[in-house]
Amino acid sequence: MLVKDRKQMKAEAMINMLVNTSLTEMKGTSLRMALLVYIILTVISESIIYGGPTHQYFLKEPTDVRATLGEKVRLPCVVKNKTGECQWTKDGFGLGTDPDLSGFSRYSLDMSSSNTCDLILDPVQYEDEGLYQCQVGAVPGVEAITSKPVTLIVNHEPGLPHILQTKHGDVMEVSEGEEIVVECESQGGKPAADIVWKHKDGTKVASEIVDIVTRMDDKELFKTYSVLKFIPEKDEEIICTAFSDQFRAPRVSNGLKIRLKHKPRVDIEFSKENVQEGDNLEAFCKAKAYP
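Reading the values: rules and limits
- Residues numbered from 1 in each chain as written.
- Predicted model: local features only at pLDDT ≥ 70, side-chain atom pairs only at ≥ 80, totals over all residues.
- Heavy atoms only, no water.
- Patch = residues over 30% accessible without salt bridge, like charges linked within 9 Å, V, L, I, M, F, W, Y side chains within 5 Å.
- Areas by Shrake-Rupley, 256 points an atom, 1.4 Å probe, with all protein chains shown as cover.
- Salt bridge = Lys/Arg side-chain N within 4 Å of Asp/Glu carboxyl O.
- Helix = DSSP H or I, 4+ residues; strand = E, 2+ residues; numbered from the N terminus.
- Buried < 20%, exposed > 50% of the residue type's maximum accessible area, 1.4 Å probe, protein only.
- 1 Å grid on protein atoms, 1.4 Å probe; cavity = no way out; pocket = protein on both sides within 12 Å on 5 of 7 lines; lining within 4 Å.
- Points joined across faces, edges and corners; volume = space filled by probe spheres on them.
- Nonpolar A, V, L, I, M, F, W, Y, C, P; charged D, E, K, R; others polar.
- Pairing = 2+ DSSP bridges.
- Disulfide = S-S within 2.5 Å.

Kindly report on a nonpolar patch on the surface, identifying the contributing residues and their values.
The grouping of Val-266, Ile-268, Phe-270, Val-275 and Leu-281 at the surface amounts to a nonpolar patch, some 480 Å² of accessible area in total. Within the secondary structure layout, Phe-270 lies in strand β20 (residues 256–270). Classification of Phe-270 by relative accessible area gives exposed; the value is 51%.

And the structure:
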């Protein structure tokens, strides 16, 4: 506002000089004529100082947004000295100046104050992704202004991962020493999900893992497919988890129980560790196998 105050002071000085000069030159004129000239010059000076056009400019411009599918999104646009009509564009296409934006069922303009022109998207969908700009039109003496373009990206939480081998049951029987292959899949993430294999106790499975990411049919979402190869050493349970950079809390699959099939294992136990000649001694034979 400092610039505007200086302009006002300069204008006032010029008008006062003009009024004084005019009155001085009209000393021989009637008092009535002099008073009329003074009034006219005063009105003109007030118009120049206070009523002339002022430039409009952004107090707050929109910024790039990453939103989650289904939430409410607000793109801010606040304009000082707003005199022109406000509208938003998406990918260069004007959305209109009507606050209800009747051509777009989920869009509206928040014009609750004279300087506000926020764009509301509720709920946001994938098709809303694009480049947005806030524009305020020109009026006589005032130029139009346009905000910098900003990008709206709509993300989605990774789908609940599932182990494909659990389709027909949650137990997998494998022979001792046999390498197994298990697969995990998470669909519908944006950005694509990262998959991590874990033992039931939460520790990571240290083995060969291959991840493949592909776009789904709608081209907006991703599917992550992970293959784990390892040799079980005991009966255990494994899970897979899915998360992404935007959704850090992992989603967890149902567990897959692994049962080792093995030949009978024989253990012999004695009733005493130390025996002497003539002592009674009992021996116990234990055998364990699966199945």
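Give me the lowdown on the layout of surface pockets, citing residues and values where you can.
Unoccupied space between atoms shows up once a probe the size of one water molecule is rolled over them. Here the second largest pocket is characterised by a volume of approximately 190 Å³. When the residues that make up the lining of the second largest pocket are grouped by side-chain class, the tally is five nonpolar, two polar and five charged.

Quick one: what's the story with the pairing of strand β17 (residues 222–230), residue by residue and with numbers?
Sheet topology places strand β14 (residues 180–189) next to β17; nine bridges connect them, and they run antiparallel. Residue Val-182 lies in a different strand from β17, and its bridge partner there is Leu-228. The pairing of strand β16 (residues 208–215) with β17 spans eight bridges and is classified as antiparallel. Looking at β17, one finds that Asp-211 is bridged to Ser-226. What sits between the antiparallel neighbours β16 and β17 is a turn of six residues, in which Lys-219 has the positive phi angle 70 degrees.

So what's going on with the state of the cysteines? Which residues, and what values?
Inspection of every chain in the model, using the stated rule, returns three disulfides. Here Cys-77 engages in a disulfide with Cys-134; their sulfurs sit 2.0 Å apart. Its S-S torsion of about -75 degrees marks the bond between Cys-77 and Cys-134 as left-handed, since a negative value means left-handed. Linking Cys-77 in the loop between β3 (73–75) and β4 (78–80) with Cys-134 in strand β9 (residues 130–136), this pair joins segments that are 57 residues apart in sequence. The pair Cys-77 / Cys-134 is uniform in exposure class, with both members buried. Once the bonded cysteines of the chain are numbered in order along the sequence, the disulfide links fall as 1-4, 2-3, 5-6.

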